[in-house]
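Per-entry structural report
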Amino acid sequence: RSIVTFTRAAMTTRIVALLQPGPETFSQFDEVIVLAEGYVIFSGPIDDVVEYFSDLGYELPATMDVADFLQLIPTEDGAALFNPEKSVSGATEHYTPEGFAEAFQNSEF
């Protein structure tokens, strides 16, 4: 919290790379950048990330926190979370890292 408090008071930007952050840590950030094999597959407000991936056909399981969800989606195991019937884009199969990047580039973010 001290990093958040300091950077807001100083009106500066903070950039932090985290591997497997806990839900409490993840919730302290305003925005997130999600990478997959070097591709940016999302960059924007944390409040929008679950809905963004839901529109692509990926649903956050009730038993999983958002940080774990974001780590799982671009992997082969993320295919288990993909439901083509929920995909607003009309995708019929799990995205590749390049496919995620293209979808992000074509999004409103």
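Below, the structure is looked at part by part. Only a predicted model underlies this, so the values are computations on that prediction, with no experimental measurement involved. (Residues numbered from 1 in each chain as written. Predicted model: local features only at pLDDT ≥ 70, side-chain atom pairs only at ≥ 80, totals over all residues. Heavy atoms only, no water.)

**Concerning the overall build of the protein chain**
When helices and strands are tallied, the protein chain shows five helices and two strands. Start at the N end of the protein chain and walk to the C end: the helices and strands fall as α-α-β-β-α-α-α. Against the 2.2 N^0.38 benchmark of 13 Å for 109 residues, the protein chain shows a C-alpha radius of gyration of 15 Å, consistent with a compact globule. Along the first, second and third principal axes, the C-alpha set of the protein chain runs to 45 × 30 × 20 Å. Looking at the protein chain residue by residue over its 109 residues, the buried ones come to 32%. (Helix = DSSP H or I, 4+ residues; strand = E, 2+ residues; numbered from the N terminus. Rg over C-alpha atoms; globule rule 2.2 N^0.38 Å. Buried < 20%, exposed > 50% of the residue type's maximum accessible area, 1.4 Å probe, protein only.)

**Observations regarding the environment of Leu 18**
Mapping Leu 18 onto the fold places it in the loop between α1 (2–10) and α2 (23–26). For Leu 18, the residues in contact, after removing those within four places along its chain, are Thr 25 and Phe 29. (Contact = heavy atoms within 4.5 Å.)

**Some details on the environment of Ala 91**
The topology assignment puts Ala 91 in the loop between α4 (66–72) and α5 (97–105). A relative accessible area of 15% means that Ala 91 is categorised as buried. Placed 81 residues apart in sequence, Ala 91 and Ala 10 show a C-alpha to C-alpha distance of 43 Å. Those residues in contact with Ala 91 that lie beyond four places of it in its chain are Phe 82 and Pro 84.

**A word on the pattern of salt bridges**
Under the defined criterion, the tally for this structure stands at two salt bridges. For Asp 30, the salt bridge goes to Arg 8, with nearest N and O atoms at 2.6 Å. Of this pair, Asp 30 sits in the loop between α2 and β1 (31–36) while Arg 8 sits in helix α1, and the two are 22 residues apart along the sequence. Residue Glu 59 is joined to Lys 86 by a salt bridge in which the shortest nitrogen-to-oxygen separation is 3.4 Å. Taken as a pair, Glu 59 in the loop between α3 (46–55) and α4 and Lys 86 in the loop between α4 and α5 lie far apart in primary sequence, 27 residues in all. For Lys 86, a relative accessible area of 43% gives the class partly exposed. (Salt bridge = Lys/Arg side-chain N within 4 Å of Asp/Glu carboxyl O.)

Remember, this is a structural readout, not a statement about activity or role.
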